[in-house]
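An overview of the molecular structure
These are the residues of each chain, in order.
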Amino acid sequence: MARYLISRTLQILLTLFAFICIVYFIVNAQPGDISNVYAMNPELPPDARERLQSQFGLNEPLWKQFLVYVRNVFTGSFGVSFSFYPRTVADVIAERLPRTVALFFTATVFSFYLGFLLGKIIAWKRGGWTEYATTIGGVTLYTVFTPWFALMMIWLFAFKAGWFPIGKFLDPVLWRDAPIEANTLFGRMMLTALALSIIVFVVFVITTRLRIGGARLIQLGSIVVSIGIMLGAWRLTGHGHLAWDIVKHMVLPVFTLTLISFAGTMLLTRNSMLETMREDFVLAARAKGLPEKAVRDKHVARNALLPVVTSLVFSLAFAVDGGVIIESVFSWPGMGQTLVSAAVAEDLPLAVGAFVFVGIFVLLAHLAVDVIYVFLDPRIRY
Amino acid sequence: MAVDVAPQSAAPSIRKVRLTLFMRSLRENWSLFLGTRIGVIGLVIIIFYLVLALAHPILMNTVWEERVYDPVVGYAFDETRQPAPPSRNHLLGTDPLGRDVLSQLMHSARTEFLLGLLAAVVTVTIGTTVGAVAAYYGGIIDTILMRFADLMVMMPGISILIVLSALIGVEHFELALIIGILSGFGGASILLKSQALSVVVKPYIDAARAAGGGPLHIIFIHIVPNLLPLSFLYMMFTVTGAIFSEAILSFLGLLDVRMSWGLMIHTTEAAGYLLQVGAYWWLIFPASLSITLLCTSFYLVGRAMDEIVNPRLRRL
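Rules of the game
- Residues numbered from 1 in each chain as written.
- Chains lettered and ligands numbered in written order.
- Predicted model: local features only at pLDDT ≥ 70, side-chain atom pairs only at ≥ 80, totals over all residues.
- Helix = DSSP H or I, 4+ residues; strand = E, 2+ residues; numbered from the N terminus.
- Buried ≥ 20, exposed ≤ 12 C-beta atoms within 10 Å, placed from the backbone.
- Contact = placed C-beta atoms within 7 Å.
- pLDDT = per-residue confidence, 0-100.
- Nonpolar A, V, L, I, M, F, W, Y, C, P; charged D, E, K, R; others polar.
- Core = buried A, V, L, I, M, F, W, Y, C linked by C-beta atoms within 7 Å.

1. Details of the overall build of chain A
- Counting its regular elements, chain A contains 16 helices and zero strands.
- By its C-alpha atoms, chain A is 85 × 50 × 40 Å across when sized along the principal axes.
- By residue count, 32% of the 382 residues in chain A fall in the buried class.
- Put simply, of all contacts in chain A between residues at least 6 apart along the chain, 73% involve residues at least 24 apart.

2. Some remarks on the overall build of chain B
- When its secondary structure is counted, chain B shows 11 helices and zero strands.
- The order of helices and strands in chain B, counted from the N terminus, is α-α-α-α-α-α-α-α-α-α-α.
- Once the C-alpha set of chain B is aligned to its principal axes, its extents read approximately 85 × 45 × 40 Å.
- Relative to its 316 residues, chain B shows a buried fraction of 45%.
- Within chain B, residue pairs in contact and separated by at least 24 positions form 73% of the contacts whose partners lie at least 6 positions apart.

3. Here we look at the confidence of the model for chain A
- Mean pLDDT over chain A works out to 83, with 96% of the residues at or above the 70 mark.
- When mean pLDDT is taken per element in chain A, helix H11 (residues 280-287) of chain A scores highest with 91 and helix H7 (residues 172-175) of chain A scores lowest with 76.

4. Some details on the interface of chain A and chain B
- Taken together, the contact between chain A and chain B spans 37 residues of the former and 35 residues of the latter.
- For the side of chain A that touches chain B, the elements supplying multiple residues, two or more each, are helix H1 (2-28), helix H5 (129-142), helix H6 (146-160), helix H10 (240-276), helix H14 (319-330), helix H15 (335-344) and helix H16 (348-376) of chain A.
- Of the residues contributing to the side of chain A that touches chain B, the split by class is 27 nonpolar, seven polar and three charged.

5. A closer look at the environment of Lys193 of chain B
Residue and element names in this part refer to chain B.
- Relative to the helices and strands, Lys193 resides in helix H7 (residues 172-200).
- C-beta crowding within 10 Å serves as the criterion here: with 23 such atoms nearby, Lys193 is assigned to the buried category.
- Along the backbone, Lys193 and Ala132 are 61 residues apart, and their C-alpha atoms lie at a distance of 6.0 Å.
- The residues touching Lys193, leaving out its near neighbours within four places in the chain, are Gly131, Ala134, Ala135 and Met146.

6. Details of the nonpolar core
- In this structure, Ala343, Ala351 and Ala354 of chain A together with Ile162, Val163 and Ile243 of chain B are the most contacted members of the largest nonpolar core, which totals 158 residues.
- Apart from residues no more than four positions distant in its own chain, Ala343 of chain A is found in contact with Ala351 of chain A together with Ile162, Val163, Ala166 and Leu167 of chain B.

Put into structure tokens, the structure is as follows:
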């Protein structure tokens, strides 16, 4: 396992290098540089433009710039953003990445759960009208023209019903005299969510392992109690209403994302279930008279889980890519929106930096899938 | 003497047998396809849009006056204010610039089909060739091609397309090529290689090699035909992806195209009618629903073909 991990890490570094090469040259293939933005500015004389170019090393040939860039990346520096000038690319990304991750992680977990649940059911009722209706509905949502669907959701739930705010990350009026910075608060919220999920996970693992009666009750109770404690703690800090504001802004994007992505998991679960249902152990389980529900949930679904988990990890890795559209429509200041605005504003360092982060994310996800496989499927050995 | 006669008369009959076999498998697959139902629904929607796309040039040459109904430069002189609601002359109303929405819709349908088809053909051509070559040769060629495929799969597609089209001018043709190359060298070649691996170990490949068949002959005559069902299936998903990407890019106003469904919504957005869903529905729904329906239908057909091509999904 250790040897495998080392060779994988080397491969990942190589792939990352190739990825950076491709992305760097694609993004830099366009003519001109950031000083072109000031070409029409009468207050900026030509020598000032030249100074600007030499200051950022833009007058050097591209391959030289590239070598400098690669050296910087592997020493952990991503350069300076042009559109947020004094801030570094790493700083901008460190602010934006958690927002994207929070949004997509929540949505992916929901859609994974919903998709797995529905996939189990439609695989079991193959050929019935339930299956056709669910499949067609799910596929329609899956391939729906995302900006339009997101706008319909905004129009329906935010504009007409007024239940949720229309886009954005927070309400500026509420935050004007806020005693705390939004990023700090958001960081704490993420920590809370992490703690909550760890507690729930531990309780689930313990109750399943011990095989005690009333496990469901204990699980439910522990979830309710820990959520209650967390909410109480937030109330005591006095920033509760601010945190609630962010949560309120998150609800609609998360709901929309869940609806448009659950079908992927659902169809994958269905196919995986159908393949598993042909196995002999399913026949054996039925032959010994187990109830259908037990066969479905305990024998088939668990064995069908492997490809679904893979897709879960990969879909998390590609959150930034999918985020481009949803974040633009909901004006959610995350990585996707940063990428688009950087590309439009010719802020090339930020665009390349965002891509490189996506690449690192995807590669880590590949590694994570390989490691998770060993735990999920005891037949796999490295 | 009889031994000499047999091969001569066998030549036409082999072709005949092949044709019969082909027709029989086609009939069998067709009835399987009809049995999936979701595929039939998809096919009906695709045919509907195909009819729309084909009807546009006919209508432009007969009933519709070009001055009024041209999808890009036409102007509805018979309406007093634009955008005009649906009327007898303009079944889906006019857009903020006074152009007929139905004409735009039908004109764009043709572009979407061409775009999707081109992207899918490029994808599958590259994917099948790469997959077959990698599986046949193995070794270092396989490693290089597959690592390259991994790299392509890693690319965040929509983001790359957005950046490319924001930085350099991209039209439909270039877009189809870019999508085709990205998915052809990426997902398609990985999938088709895994299928090709199960083909190269078949005895008839050894037989072809023993009979003196060269690598190119074996790859294109013996391996590739066996990959065609799967690549045809992959085409459907590529079409969905291509139409979707095009719609997103032209919705964001990043493509240099004159008319497309995404651009129709972009026009609506630019004119500020986007959130007036109830009052100006004909500016938003026809184009968005068309994108959704066409993407969905190709996806459904792909799913239905998956049920046929993938033996593990066959009914017991």
